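# Survey of secondary and tertiary structure
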Amino acid sequence: NDLPTVTEIVDLEVKGRMNFIRRPCLVGMDERYQTDPSGALRQDDAVLIRLVAFRLTHDIGNAPQWFIALVRERPALVAEILVTYALAMIRAGKEHIAGPYSLADDDAYAEVARTALPALLDGFPVRARKKQLGYTLDPLLKGALRYLDRKVLASMIERKLGQSSMDPAQRVYWLGCGLMIAPNDYEIPLAGHIGKSEVRKRY
């Protein structure tokens with residue numbers, strides 16, 4: 001009952017700190033899943049969401065079996081905590097975040113991706129650090145191209161590009177994503193935005 005809340009776990013991670021109960025909880029879940037997989041996954045959601053938050057903030061090595069099982073069997077639960085964690089990290093300017101590459105490349109995360117990506121992309125700030133574009137926005141957009149409905153994604157791209165405060169580097173990514181789904185609409189705007197800029201070409 002005295003485990004830290006998801007908010008507390010994430011807040012500490014944003015500050016580069018951790019709760020010392022994290023590792024014992026993760027080890028305990030590993031042990032329990034090895035001996036009683038179904039029982040481990042039937043724990044109260046209040047416990048499971050904390051375990052997911054602990055895992056996301058301790059993204060070292062391969063994902064444990066219990067976490068992959070939750071990704072497959074409880075994608076909405078995992079997506080909810082992933083969005084809470086990832087948006088907090090993104091808005092804090094963090095460059096290395098657990099989740100984006102899995103959403104883009106791992107079929108096991110397909111349902112998590114379909115649930116989480118709209119919120120993550122909507123919440124991605126229009127002015128972000130340059131390294132966040134490659135480390136976070138790029139895989140999120142690749143996941144969106146892979147899993148999201150084209151009409152939903154097209155509407156999101158149009159809405160994002162309508163924000164004049166978006167920095168020029170990020171605009172390249174959104175225009176490039178638009179080019180992938182509607183080349184006739186985005187070829188000229190993308191070419192015009194890049195112009196003769198070598199920096200924008202590299203993005």
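Higher on the page you've got the structure.
Report on the accompanying structure. Computed from a prediction, not measured in an experiment: that's the story for all the values here. (Residues numbered from 1 in each chain as written. Predicted model: local features only at pLDDT ≥ 70, side-chain atom pairs only at ≥ 80, totals over all residues. Heavy atoms only, no water.)

## As for the pattern of salt bridges
One pass over the full model with this rule turns up eight salt bridges. Among the ionic pairs, Arg 114 bridges to Glu 111, the shortest N-O distance being 2.6 Å. Here Arg 114 and its partner Glu 111 are both found in helix H8 (residues 110–123), three residues apart, which amounts to about one turn of the helix. Note on Arg 114: relative accessible area 37%, which makes it partly exposed. Given the relative accessible area of 43%, Glu 111 is considered partly exposed. Between Asp 122 and Arg 159 there is a salt bridge; the shortest N-O distance is 2.8 Å. Placement of the pair is Asp 122 in helix H8 and Arg 159 in helix H10 (residues 150–161), with a sequence separation of 37 residues. Residue Asp 122 is classed as partly exposed on the basis of its relative accessible area, which comes to 40%. A residue is classified by how much of its surface remains accessible, and Arg 159, at 42% relative accessible area, is partly exposed. (Salt bridge = Lys/Arg side-chain N within 4 Å of Asp/Glu carboxyl O. Helix = DSSP H or I, 4+ residues; strand = E, 2+ residues; numbered from the N terminus. Buried < 20%, exposed > 50% of the residue type's maximum accessible area, 1.4 Å probe, protein only.)

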